[in-house]
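What follows is each chain in one-letter form.
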Amino acid sequence: MTQFKQKPLAAAVSAAITGSVLMAGSAAQAQESSPTLEEIIVTAQKREQNLQDVAVSVQVLGNTQIEQLNLNNFADYIEFLPTVSYTSERPGVSLLYMRGISSGGDGVHSGSLPSVGVYLDEQPVTTINRVLDVHVYDIERIETLAGPQGTYFGASSQSGTMRIITNKPRLGEFEAGFDIAGSTVSEGGTGYSLEGFVNMPVSENVAVRLVGWHDEAPGYIDNVLTSVTLRGVNITKDNAALVEEDFNESTTTGMRALLKVDLNDNWTVTPGLMMQNQDTTGVFTHDTEDLGDLNAGRFFDEYYDFSWYQASLTVEGKLGNLDLVYAGAYLDLDSESVDDYTHYAQYLDNYYGYYGQCYHYDSNGFCTDPSQYITGDERFRKQSHEIRLQSDQDQRARWVVGAFMQRQEHNFDLRWETPDLDTASSVIENGNVAWQTKQDRVDKDLALFGEVNFDVSDTWTLVGGYRWYEFDNSLSGFNGHLGRCLDGGGQPQFPCYNFPNVNDVSKDTGNTLKLGVNFNLSDSKMLYATYSEGFRPGGVNRATVAGDLAPKYNPDSVDNMEFGWKTMWADGRLRFNGAAYHLEWDNFQFAFLDFSVSPLTIIRNIGKAETDGFEFDLVYAATDSLTLSLSASYNDAQLKTAYFGGGTDVLAPVGQEMPYVPELQYTAIARQEFDGARWPLYAQAAFAYTGATWSNLETDLRERQPSYSILNLATGIQGEQWSLDLFIDNATDERAQIVRYGGLYYDPYDEITQDSTILVNRPRTIGLRYGRRF
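Below is a short write-up of the structure. (Residues numbered from 1 in each chain as written. Predicted model: local features only at pLDDT ≥ 70, side-chain atom pairs only at ≥ 80, totals over all residues. Heavy atoms only, no water.)

Description of the overall build of the protein
In plain terms, the rule: Numbering of helices and strands runs from the N terminus; a helix is a DSSP stretch of H or I covering at least four residues, while a strand is a stretch of E covering at least two. Each radius of gyration is computed over the set of C-alpha atoms, and the globule rule expresses the reference value as 2.2 Å times the number of residues to the power 0.38. The cut-offs for exposure are 20% and 50% of the maximum accessible area for each residue type, with area from a 1.4 Å probe on protein chains only; residues under the lower value are buried, those over the upper are exposed, and the others partly exposed. The method behind every accessible area is Shrake-Rupley, applied with a 1.4 Å probe, and residues are considered shielded solely by the protein chains displayed. Charged residues are defined narrowly, with Lys and Arg counted positive, Asp and Glu counted negative, and His plus the chain ends left uncounted. Every charge is mapped onto a representative atom, which is NZ of Lys, CZ of Arg, CG of Asp or CD of Glu.
When its secondary structure is counted, the protein shows four helices and 44 strands. Taken against the 2.2 N^0.38 rule, which gives 28 Å for 774 residues, the C-alpha radius of gyration of the protein at 27 Å falls within 12% of a compact globule. C-alpha extents for the protein along the principal axes are approximately 85 × 60 × 55 Å. Residue burial in the protein is summarised as follows: out of 774 residues, 57% are buried. Of the roughly 31,000 Å² of accessible surface on the protein, a fraction of 53% belongs to carbon and sulfur atoms. Charge-centre separation for the protein: the mean point of 54 positive side chains lies 5 Å from the mean point of 105 negative side chains.

Dropping the structure here:
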C-alpha cells in the first residue's frame, strides 16, 4: 500500500509538472500557439450566465471534464470538488458539507436536515439522510455553489448547493452514442458498464433525448472468518457460513427521458422522467485493526436496495419583456436494507451479563443469544413547485422574484430483529423484533424570494436579495420495545405503532438576506463583496428526553461574509477565480447519544462555530494541446462555545476543530493531447488531496482520520467519432480513511474499548472504455 507524505503543495506541483513532462510526447508541442479557454455557462442564479459574470463562488465540472476524468457516480466526482467534504456509509448513503459547516452527527432518519442542498436540474432532490447517487452519464455539468444560498435555494442550502445539470433535447439535431467499459480492481473483482444516449428530432419544434445505463461495480471487501464472544450468555460463535470474497458489489441500472416542445417562439415545455435502481451487498468498511486490510467480519447477510424515479416539468415563456419559469417535480424513493448489529449486541450483552442480568431472554426465562440485525423499509416522497419572474437582464436594474413550495414525507420502519428472542417479548406479534422505530416524518416549506441587481455605473453594481420562509415539520409514530405498548393491564396492544409515543410539530417563519457590491476592473476582471445568510429548519426529536433538553430543536443559521474575484488573464488563456470568507454558525444543531438523557440519538442546539477560509480555481491553457488546472479550498472551522452535553463536564472545548472538515483540499489536473502516427492521442494525470479530519465533535469520542491522496491516470486514442481509453484510477492504491465508524464503549470486562471500522475508497482500478458517437 502506498502512502503519500503530507507535503500537499509540493505534491500538487510535482503531479502537474511530472504529468506535463511525461505527456509532452512530440516535437509538435514545442511550438507555442494562442489558445483560449472556452466560456462556461452556469445557472447558479437561476438564469444562464457566463461563469465570469456571476458574483458567487462556483466550481464546475463540465460534460467534457466529466468524461475525461471517467466520473460515473458520487464517489467519483466528489473527489474532484475540493470545496465539498463528505461522509458516506455505502453508495447512495452520503452527506455533504461545505465551508466547515459540519457538526458530524447528521444522518439520523428523524434528525437534522442537510446543510447542503442538492438539485437535479431545476428540482431539489435533497433528502433527509442521503445524497441521491445519480449516475452521471450524458450530464452537461455539475455545479457547486459555496456559501449560503438562502435567497435562491432556501432551506438546507445554508452552507452551499450542489447542482447536477443534465443534457437537454436539441431541436433539429440527431445525435447518439454509447460507451462500453470493463475494469478490474486490485485485490477485488471485475466489473463493466454499458451506457448510451440518443437525441431525436420528432418535428421541427419537438425533440426527445433518451439516456440509459447499467453498471456492475466489482467488490473489494472480503467477509473473512471471525468469531464473537458473548460473555453474558457464555457463547462463542463464528461466521463460517457467510465467508465470501469481494462481497461488497454494487449494481446500478437506470434511464432518463426528456421531451422538449417549443409551443411557439415564446413558450417551451420540457417534461422529464428519470428512474434508477441501485443494489449493494455486503459492507464498504474494513476492520484493519482486528481483521486486516480490506477485510470485514459480518454475521448476517447485508444489503441496501434503492429504487427511485423523478417526474419533472419545466415551462419557460415570455410575458411581454419578462421571462417566466415554472419548475415542478415529484420524487419517489423506496429502499430496503439489512444491517448486521451483532457487535452492538455483544457490547450490551457483556454489560448486562457482568451485573448478572440478560440483554434478552428465551421463552423459559434463560439468557439467549442477543445477536441481531436491523431491517429497514423506507419510503420517501417529495414534491416541489417553483415559479419565478425575471426582468430583461440587459437593463440597468435587473430583478428576479419567485415563490416556492415543497412537501417531503419519509416513512420508515426499522426493526431490530433478534432470531433467538422469545416471541412473547417481540414488539411485532409472533415475531422476533426486540425494538421497532416506525415513524412518519413530514417536512413542508413555503417561500417568497427576490433579488435585484442595479448598475450604479459601468463598473459598480449593487446587489440585494431577500427570502421569506415558513416551515412546518412534524414527526409521529412509535419507537421502543414491547414494554412501551402495553395497556393498563400489562397486555400488548398490537400493532404497537398504532399507539404512537411521538407526535409533535415544529414550525416557524423567518427571512434571509443577501447584500453585495460588484466592481468590474475591466471586461475580464471582477471583484465582489457579499454578505449572505443561510438557515436550516428546526424539527422534532424522535424520543422523550430528560433534563433541560426540549423535545424539539430550533433552526440554526449561518452568516457569511466573503470577498471574491473572477478574472481572466493572458489573453483568455488563464482563468483565476476565488473567494476568501468568514462564516458564523449560530445555535447549531448537534446530534448525540447519551443514555442518561435518552436511549436514542437526539438533536440539541448547542452553540456557535466559525469558519475562516479561502478557495480558488485556476485553469491554464498552456498550448492548444496542454491544459493545466489547480483547485483548492482551505477551512479553519472551530467551536466558539464550549459543549457541555447534558451535564457540567466540558465534552468539547472552545477552539475544538469541527469534525469532517479537512483544513486543505485540492485537485491538480494535467492533460496533454498530441498527434499520433494515425490518430490523435492524449495522456492525463488527475491528483486529489484531502487533508486530515476528526470523526466527532466530542473529545473522548473523536479519532483522527489521516490525510489521503488519489492519483488517476488515463491515456487513449480519439478518432473522429470514436474513442478508446485506458484508465488507472487510484494508481498508487491509496487506502483513504473517508469515515471512521465506531467509538468508545464501556465494557465492564475490558473497561473502555475502541471499536472502529473504516469506510475505504476503491483500491487501484484498471479499465478500458470504448465510446462511439453518431
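Right, picking up where we left off after that structure.
Some points on the pattern of salt bridges
For the record, the criterion: Salt bridge, as used here: a side-chain nitrogen of Lys or Arg that lies within 4 Å of a carboxyl oxygen of Asp or Glu.
A complete count under the given rule lists 39 salt bridges for this structure. Here Asp138 and Arg256 are joined by a salt bridge, their closest N and O atoms 3.7 Å apart. One end of the pair, Asp138, is in the loop between strand S7 (123-124) and strand S8 (139-146); the other, Arg256, is in strand S16 (residues 250-262), and 118 residues separate them in sequence. Judged by its relative accessible area of 4%, Arg256 is buried. The partner of Lys552 in a salt bridge is Asp504, with the nearest N and O atoms 3.4 Å apart. Of the two residues, Lys552 sits in strand S29 (residues 552-553) while Asp504 sits in strand S26 (residues 502-522), which places them 48 residues apart along the sequence. The partly exposed category is assigned to Asp504, whose relative accessible area is 26%.

Points about unusual backbone geometry
With an omega of -10°, the peptide bond between Phe494 and Pro495 qualifies as cis. With respect to the helices, strands and loops of the structure, Pro495 is situated in the loop between strand S25 (460-480) and S26. Phi is positive for Asn587, close to 55°, though the residue is something other than glycine. You can see Asn587 is positioned in the loop between strand S31 (574-586) and strand S32 (589-592). Residue Tyr660 is not a glycine yet carries a positive backbone phi of 60°. Position of Tyr660 relative to the elements: it lies in the loop between strand S35 (626-639) and strand S36 (664-675).

Details of the sheet that holds strand S3 (residues 58-62)
For the record, the criterion: At least two bridges found by DSSP between two strands is the condition for calling them paired.
Strand order in this open sheet of five strands is S3-S8-S9-S6-S7, and the pairing throughout is mixed. With one partner strand each, in any of the chains shown, S3 and S7 form the two edges of the open sheet.

A word on the state of the cysteines
Inclusion rule: A pair of sulfur atoms, both from cysteines and within 2.5 Å, is called a disulfide here.
Counted according to the given criterion, the structure contains two disulfides. Between the sulfur atoms of Cys358 and its disulfide mate Cys367 the distance is 1.5 Å. What sets the handedness of the Cys358 and Cys367 disulfide is the S-S torsion sign, and at about -65° it is left-handed. Assigning the bonded cysteines of the protein consecutive numbers by sequence position, one obtains the connectivity 1-2, 3-4.

Quick look at the environment of Leu120
Going by this rule: Contacts: residue pairs with any heavy atoms within 4.5 Å of one another.
Inspection of the secondary structure puts Leu120 in strand S6 (residues 116-120). Residue Leu120 is classed as buried on the basis of its relative accessible area of 3%. A C-alpha to C-alpha distance of 41 Å links Leu120 and Gly431, two positions 311 residues apart in sequence. With sequence-adjacent residues up to four places away left out, Leu120 is seen in contact with Val125, Ile164, Thr166, Met274 and Gln310.

Section: the packing of aromatic side chains
Here is the rule: In this analysis, rings of Phe, Tyr and Trp, with Trp reduced to its six-membered ring, are considered paired at centre separations within 6.5 Å, and the interplanar angle assigns stacked below 30 degrees, edge-to-face beyond 60, and tilted for intermediate values. Charge-over-ring contacts are defined here by two conditions on Lys NZ or Arg CZ: a distance within 6 Å of the ring centre and an angle within 35 degrees of the ring normal.
According to the stated counting rule, one finds 32 aromatic pairs in the structure shown. Arranged with centres 6.4 Å apart and planes meeting at 80°, the rings of Tyr341 and Trp416 form a pair that is edge-to-face. On the criterion of sequence distance, the pair formed by Tyr341 in the loop between strand S21 (322-340) and helix H4 (342-354) and Trp416 in strand S23 (residues 397-417) is long-range, its members being 75 residues apart. Between Phe563 and Trp565, the aromatic rings sit 6.4 Å apart at their centres with planes inclined by 45°, giving tilted as the arrangement. Residue class for Phe563 comes out partly exposed when judged on its relative accessible area of 40%. For Trp565, a relative accessible area of 18% corresponds to the buried category. When the ring centre of Tyr581 is taken as origin, the NZ or CZ atom of Arg99, which lies over that ring, is 3.9 Å away.

Observations concerning the side chain of Asn199
On the secondary structure map, Asn199 appears in strand S11 (residues 190-203). When near neighbours in sequence (up to four residues on either side) are disregarded, Asn199 contacts Lys168, Pro169, Arg170, Glu173, Phe174, Glu175, Val208 and Arg209.

A few points about a nonpolar patch on the surface
What counts, and what does not: Here the term patch refers to residues with relative accessible area over 30% and no salt bridge, with like charges joined within 9 Å and nonpolar side chains (Val, Leu, Ile, Met, Phe, Trp, Tyr) within 5 Å.
Together, Leu446, Leu448, Tyr466, Trp468 and Leu513 give the surface a local cluster of nonpolar side chains, amounting to about 430 Å² of exposed area. Within the fold, Leu446 resides in strand S24 (residues 433-455).

Considering the pairing of strand S5 (residues 93-98)
The side chains of a regular strand alternate, residue by residue, between the two faces of the sheet. Counting buried positions over the six residues of S5 gives six, a clear majority of the element. Where strand S4 (residues 84-90) lies against S5, six bridges are found, and the strand directions are antiparallel. Paired with Tyr86 across the bridge in S5 is Leu96. From the end of S4 to the start of S5, which pair antiparallel, there are two residues, and Gly92 there has a positive phi angle of about 90°.

Examining the environment of Gly716
Its place among the elements puts Gly716 in strand S40 (residues 708-718). Given a relative accessible area of 8%, Gly716 falls into the buried group. Residues Gly716 and Leu768, spaced 52 residues apart in sequence, show a C-alpha to C-alpha distance of 9.3 Å. Aside from chain neighbours lying at most four places away, what touches Gly716 is Pro680, Leu681, Tyr682, Leu724 and Asp725.

A few points about the side chain of Ser532
Its location among the elements puts Ser532 in strand S27 (residues 525-536). Not counting chain neighbours up to four residues away, the residues in contact with Ser532 comprise Pro148, Leu513, Lys514, Val558, Asp559 and Asn560.

Comments concerning the pairing of S23
Both strand S22 (residues 373-390) and S23 contribute to a ladder of 18 bridges, which runs antiparallel. Across the sheet, residue Tyr373 finds its bridge partner in S23, namely Glu417. The hairpin formed by S22 and S23 contains six residues between the paired strands. Bridge count for S23 against S24 is 21 bridges, and the pairing is antiparallel. Its bridge partner being in S24, Phe404 is matched across the sheet by Ala447.

Focus on H4
What counts here: By definition here, a helix of n residues has an expected span of 1.5 Å times n minus one.
For H4, spanning 13 residues, the distance from its first C-alpha to its last is 18 Å, which sits close to the expected 18 Å at 1.5 Å a residue. Of the positions making up H4, those classed as buried are Thr342, Ala345, Gln346, Tyr347, Leu348, Asp349, Asn350 and Gly353. Backbone geometry just after H4 places Gly356 at a positive phi near 75°.

Section: a negative patch on the surface
Where like charges cluster on the molecular surface, the negative patch consists of Glu244, Glu245, Glu249 and Asp301. Tracing the chain through its elements places Glu244 in the loop between strand S15 (235-238) and S16. For Glu244, a relative accessible area of 42% translates into the label partly exposed.

A short note on the environment of Gln357
Tracing the backbone shows Gln357 in the loop between H4 and S22. Placed 87 residues apart in sequence, Gln357 and Lys444 show a C-alpha to C-alpha distance of 45 Å. If we skip the residues at most four places from it in the chain, Gln357 touches Tyr352 and Cys367.

A look at the nonpolar core
To keep things clear, this is the line we draw: Among buried residues, the Ala, Val, Leu, Ile, Met, Phe, Trp, Tyr and Cys ones that are joined through side-chain atoms within 4.5 Å form a nonpolar core.
Formed by 61 residues in total, the largest nonpolar core has its most connected members in Leu61, Tyr77, Leu81, Leu96, Ile142 and Met162. Among residues more than four places away in sequence, those in contact with Leu81 are Gln59, Leu61, Ile142, Thr144 and Met162.

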